[in-house]
Amino acid sequence: MQTKKNIKPEYYKVTGDWGRQSSLLQEQYPELTDDDLEFEEGREDELIRRLEVRLNKNHDEVVKIITKGQLQSV
């Protein structure tokens, strides 16, 4: 019998203009507040956890959403 290993989500680093990215995220997800999107460099894990709860999505889904926002803000 094989057991699943606990796979830790990959570390994610915010790059680019977070102010612009967070504005795009708020347009796409109006339920997000300024507090949800508050970001301090090096504390991406806290940001992702807040977004997971608010959006009811898992880590990978939140990272995809943020990554998509980074591409749109370019």
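Residues numbered from 1 in each chain as written. Predicted model: local features only at pLDDT ≥ 70, side-chain atom pairs only at ≥ 80, totals over all residues. Heavy atoms only, no water.

J.: Describe the overall build of the chain, naming the residues involved and giving the relevant values.
T.: Tallying secondary structure elements over the chain gives three helices and zero strands in all. Moving toward the C terminus, one meets the helices and strands of the chain in the order α-α-α. Every one of the 74 residues in the chain was classed for burial, and the buried ones make up 31%. Looking at the chain alone, contacts between residues at least 24 apart form 45% of all its contacts between residues at least 6 apart. By element, 48% of the accessible surface of the chain is carried by carbon and sulfur atoms, the whole surface being about 5800 Å². (Helix = DSSP H or I, 4+ residues; strand = E, 2+ residues; numbered from the N terminus. Buried < 20%, exposed > 50% of the residue type's maximum accessible area, 1.4 Å probe, protein only. Contact = heavy atoms within 4.5 Å. Areas by Shrake-Rupley, 256 points an atom, 1.4 Å probe, with all protein chains shown as cover.)

J.: Give a description of the side chain of Glu44 that names residues and reports values.
T.: Along the chain, Glu44 falls in helix α2 (residues 44-55). Of the residues examined, Glu44 reaches a relative accessible area of 0% and is grouped as buried. A distance of 3.2 Å separates the side chain of Glu44 from the backbone nitrogen of Val14, its partner in a polar contact. The contacts of Glu44, once residues within four sequence positions are left out, are Tyr11, Tyr12, Lys13, Val14 and Phe39. (Polar contact = N/O pair within 3.5 Å; in protein donor to acceptor, adjacent residues only side chain to side chain.)

J.: Which residues make up the packing of aromatic side chains, and what values go with them?
T.: What the rule picks out here adds up to one aromatic pair. Measuring from ring centre to ring centre gives 5.8 Å for Trp18 and Phe39, while their planes differ by 55°; the resulting arrangement is tilted. Of this pair, Trp18 sits in helix α1 (residues 18-28) while Phe39 is found in the loop between α1 and α2, placing the two residues 21 residues apart along the sequence. The exposure class assigned to Trp18 is buried, which follows from its relative accessible area of 11%. (Phe/Tyr/Trp six-rings, centres within 6.5 Å; stacked < 30°, edge-to-face > 60°.)

J.: Quick one: what's the story with the nonpolar core, residue by residue and with numbers?
T.: Counting 15 residues, the largest nonpolar core has Trp18, Leu25, Leu32, Leu51 and Ile66 as its most contacted members. Counting only elements with at least two residues in this core, the list comes to α1, α2 and α3 (59-72). When near neighbours in sequence (up to four residues on either side) are disregarded, Leu25 contacts Trp18, Leu32, Leu37, Ile65 and Ile66. (Core = buried A, V, L, I, M, F, W, Y, C linked by side-chain atoms within 4.5 Å.)

J.: Would you mind going over the environment of Arg43 in detail, with residue names and values included?
T.: Mapping Arg43 onto the fold places it in the loop between α1 and α2. For the pair Arg43 and Lys13, spaced 30 residues apart in sequence, the C-alpha to C-alpha distance is 8.7 Å. In this structure the side chain of Arg43 is engaged in a polar contact, spanning 2.7 Å, whose partner is the side chain of Glu46.

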